[in-house]
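If you want the building blocks of each chain, they are given just below.
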Amino acid sequence: NNIISILSGQTSGSVTFTVNNDTLLEGAETVLLTMSNPSAGLILGLTTTQNIGITDNESATLAIAATSSVAEQGGAQSVGVVTLTIGGTGTGTFALGDGISLTADVVDAGTGTASSATDYAAFGTQTVTFNGGAASGATRNTTLSPVNDRLLEGNETVALALQNLN
């Protein structure tokens, strides 16, 4: 509790509070300040509460690995490693705050040299999710199922892309 003293002739006062710099990506937050219990003989005006916004100084990015390699006869294999990176100005381990989730869809970009359904099973849309507590550097994988076509055709590529980041 803070006490605001408004002296004779003054029409306003102020209160100061300290915002702690953490390493959690939490999004915008608010503090509700309420004025109450005026001294004897004083009357509060119509506005007795104020929402104060706190802007989060952490930010996050999701990036998909530039290269992965799978074997044609290997069945479903891990590819498309998506990495979470969180940065800010605090010190310590950066992480997602409680209740915060980041998701992205990994899709076939259609620009590789391999052909969907011929060289690999249709990739479709695979969603990756990072939930509260996930630290910077955390990864999520998607899977690709190459088709063992018994053709000598050399190495081929499948291009994956991130979309619908939330």
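Residues numbered from 1 in each chain as written. Predicted model: local features only at pLDDT ≥ 70, side-chain atom pairs only at ≥ 80, totals over all residues. Heavy atoms only, no water.

Points about the sheet that holds strand β9 (residues 139-144)
- In spatial order, the strands read β4-β5-β9; together these 3 strands make up an open sheet with antiparallel pairing. The open sheet terminates on both sides in strands that have one partner only, identified here as β4 (59-64) and β9. The mean angle between the axes of side-by-side strands here comes to 20 degrees, regardless of whether they run parallel or antiparallel.
- Two strands pair when backbone bridges link them, and strand β5 (residues 77-87) and β9 are joined in this way by 5 bridges, in the antiparallel orientation. Its bridge partner lying in β9, S78 is registered against T143. (Pairing = 2+ DSSP bridges. Helix = DSSP H or I, 4+ residues; strand = E, 2+ residues; numbered from the N terminus. Axes fitted to C-alpha atoms, helices over the stretch in contact; angles between N-to-C directions.)

Concerning the environment of S101
- As for its placement among the helices and strands, S101 is situated in the loop between β6 (95-96) and β7 (102-108).
- Exposure remark for S101: the relative accessible area of 40% places this residue in the partly exposed category.
- Sequence spacing of S101 and T129 is 28 residues, and the spatial spacing of their C-alpha atoms is 6.9 Å.
- Once residues lying within four places of it in the same chain are set aside, the contact partners of S101 are F130, N131 and N166.
- A polar contact of 2.8 Å, which involves the side chain of S101, links it to the side chain of N131. (Buried < 20%, exposed > 50% of the residue type's maximum accessible area, 1.4 Å probe, protein only. Contact = heavy atoms within 4.5 Å. Polar contact = N/O pair within 3.5 Å; in protein donor to acceptor, adjacent residues only side chain to side chain.)

A look at the layout of surface pockets
- Taken as a whole, the largest pocket holds about 1,100 Å³ of empty space.
- In this structure, the largest pocket is lined by 31 residues; those nearest its centre are N2, I4, T34, M35 and S36.
- Where the lining of the largest pocket is concerned, the elements lending two or more residues are β2 (29-34) and β3 (49-54).
- Here the lining of the largest pocket takes 3 residues from β3, the largest share from any one element.
- Of the residues belonging to the lining of the largest pocket, the class tally is 13 nonpolar, 18 polar and no charged.
- In this structure, the second largest pocket is lined by 27 residues; those nearest its centre are S68, V70, E156, T157 and V158. (1 Å grid on protein atoms, 1.4 Å probe; cavity = no way out; pocket = protein on both sides within 12 Å on 5 of 7 lines; lining within 4 Å. Points joined across faces, edges and corners; volume = space filled by probe spheres on them. Nonpolar A, V, L, I, M, F, W, Y, C, P; charged D, E, K, R; others polar.)

Observations concerning the pairing of β2
- Of all 6 residues in β2, 0 are buried, a share of ten percent or less.
- Where β2 lies against β3, 6 bridges are found, and the strand directions are antiparallel. Across the sheet, the residue bridging to E29 is I54, located in β3.

Some remarks on the environment of T49
- Structurally, the position occupied by T49 is in strand β3.
- Accessibility expressed as a relative area gives 40% for T49, which makes it partly exposed.
- Residues T49 and S36, spaced 13 residues apart in sequence, show a C-alpha to C-alpha distance of 9.1 Å.
- Once residues within four sequence positions are removed from consideration, T49 is found in contact with L32, L33 and T34.

Here's the deal with a nonpolar patch on the surface
- The grouping of I4, I6, V15 and M35 at the surface amounts to a nonpolar patch, some 280 Å² of accessible area in total.
- Relative to the helices and strands, M35 resides in the loop between β2 and β3.
- Classification of M35 as partly exposed rests on a relative accessible area of 36%. (Patch = residues over 30% accessible without salt bridge, like charges linked within 9 Å, V, L, I, M, F, W, Y side chains within 5 Å. Areas by Shrake-Rupley, 256 points an atom, 1.4 Å probe, with all protein chains shown as cover. Salt bridge = Lys/Arg side-chain N within 4 Å of Asp/Glu carboxyl O.)

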